[in-house]
Amino acid sequence: MKVAVIRTGTANIASALAGLMRAGAHPELTSDPDVVRRADAAVLPGVGAFGAALSELREHGLDQAVIERANAGRPLLCVCLGLQMLASASEESPGVTGLGVVPGTVTRFRGDVRIPQLGWNRIVPTPGARVLTEGYAYFANSYKLESIPEGWEGASAEHGGSFVAAIERGPVIACQFHPELSGTWGLALLKRWLEVAAC
Amino acid sequence: MLTTRIIPCLDVKDGRVVKGVKFQNLRDAGDPATQAQRYEETGADELVILDVSATPEGRSNAAHTVAAVRAVLGIPLTVGGGIRAIADAERLLAAGADKVSVNTAAVHDPELISRLSERFGAQCTVLGLDAARDGKGGWDVVINSGTKRVGRDAIEWAREAVARGAGEILLTSWDQDGTRAGYDTDLLRAVSNAVNVPVIASGGAANAEHLVDAVRAGADAVLAASIFHDGETTPNDVKAVMAAHGLKVRR
């Protein structure tokens, strides 16, 4: 399957591409919103800062392409900051408007925990989740979404309190963790998403 | 709650894995991609590649090594060795690294950490902190494979690096490295109390009990090279021991 991977200036984009290839997809890096619109499936990767990544998306008109796919229920996988950008705002970049696909503000981890969260954390999915399963996922983040939005399935994990590990609605999946770095469990998740996307 | 990460380390020179003590008497120990894959299959949570090449030609091989490892590796990869500028980090990240570790160059140019963190994020910027006891109850920062003291307090340098945007500290004790006598747990305790970012223990591990000691002293992750090299002990083996001691590991 041809998968459009949205260029957001992500540092470790090579890992995302390699992970998709191991899962059997044919990823293509693009900054063209029409390529993103037409693709069988699209991936919104992202590390870095909330505000900078969103202005990169908006500069190329990619924000609308992502919003359209998410709202129409067309196959989309958002990873790490990709999930956070779906929200309305983030403590990381006050005053910057998110894509608003899901309500809520992204907040920084609090309490007696290491920040960034770097490592493997156990995620527990909601009963209706199809792509998300229980298992250890690899995280690299300082900010997180606090609750699974209404109308979505999802998964949660603990780091100084419960946070959103992922959300899913049909073939639209957004993971705070990195499936491409989550070993065989992550690879199986990518394959399930590609299967759901192919339907 | 996060599990304790077990991180095998591959020392790579001119595209091959090498083994030695304190980077002396290096001998060939195989193909990096093959070893990386074996480590993932046997329970490694993450992998570190240290490029110990001494020449520019060797350094340019490092990106090829990273790309070959990335193609088969489904866990995070940190690469260190010879990163002096944004362009060096960019080349390794483009090849497939997830994090870069800076060491000597950051000691000479602390601003390098700020630049890396601003460009790639704290989660991508690792400080390789090499320390040795100063004989007065503290630790000095050392460079050049532990051979040269730079007259800086290691704890204070850890704090500065984190303030500049380092998101993780790979902490090596050069008193312990190669001794197989266990990590410097006093050093681990001091650094892990001084900063809020994850700390990876390195230097001196010979068995699973040493790893347990490091975690109890505050390490979030443990790096080991020699105990895994011959394949007799796997990351899953040490995880079994750690779990028996009540530590949380991914299995």
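Thresholds, definitions, all that
- Residues numbered from 1 in each chain as written.
- Chains lettered and ligands numbered in written order.
- Predicted model: local features only at pLDDT ≥ 70, side-chain atom pairs only at ≥ 80, totals over all residues.
- Heavy atoms only, no water.
- Buried < 20%, exposed > 50% of the residue type's maximum accessible area, 1.4 Å probe, protein only.
- Helix = DSSP H or I, 4+ residues; strand = E, 2+ residues; numbered from the N terminus.
- Pairing = 2+ DSSP bridges.
- Contact = heavy atoms within 4.5 Å.
- Polar contact = N/O pair within 3.5 Å; in protein donor to acceptor, adjacent residues only side chain to side chain.
- Core = buried A, V, L, I, M, F, W, Y, C linked by side-chain atoms within 4.5 Å.
- Buried area = accessible area lost by both parts, 1.4 Å probe.
- Salt bridge = Lys/Arg side-chain N within 4 Å of Asp/Glu carboxyl O.
- Nonpolar A, V, L, I, M, F, W, Y, C, P; charged D, E, K, R; others polar.

(A) Seen up close, the pairing of strand β8 (residues 135-141) of chain A. All names here are of chain A. The buried fraction of β8 amounts to seven of the seven residues, a majority that puts the element mostly inside the structure. Bridge analysis of strand β7 (residues 117-125) against β8 gives seven bridges, and the strand direction is antiparallel. Counted as the bridge partner of N121 is A137 from β8.

(B) Structural context of helix α8 (residues 208-216) of chain B. Residue and element names in this part refer to chain B. Taken as a whole, α8 has its buried residues at A208, H210, L211, V212, A214 and V215. Buried residues along α8 sit against β1 (5-13), α7 (185-194), β11 (199-202), β12 (221-224), α9 (226-229) and α10 (235-244). With a side-chain oxygen lying 3.1 Å from the backbone nitrogen of E209, the N-terminal cap of α8 falls on N207. Phi turns positive one or two residues past the end of α8, at G218, with a value near 120°.

(C) A look at the nonpolar core. Formed by 118 residues in total, the largest nonpolar core has its most connected members in F177 and W193 of chain A. The next biggest cluster of nonpolar side chains, apart from the first, holds 31 residues, and it includes V36, F50, L83 and M85 of chain A.

(D) Fine view of the interface of chain A and chain B. Residue-level contacts link 27 residues of chain A with 38 residues of chain B. Buried surface at the junction of chain A and chain B, both sides included, amounts to about 2,500 Å², of which 54% is carbon and sulfur. It is R114, L118 and W120 of chain A in chain A that bury the most area against chain B; as a group they hold 31% of the surface buried on that side. Counting across the interface, chain A meets chain B through one salt bridge. Connecting chain A to chain B are 19 residue pairs in polar contact (both at pLDDT 80 or more). The leading source of residues in the side of chain A that touches chain B is β7 of chain A, at five residues. Tallied by class, the residues present in the side of chain A that touches chain B amount to 13 nonpolar, ten polar and four charged.

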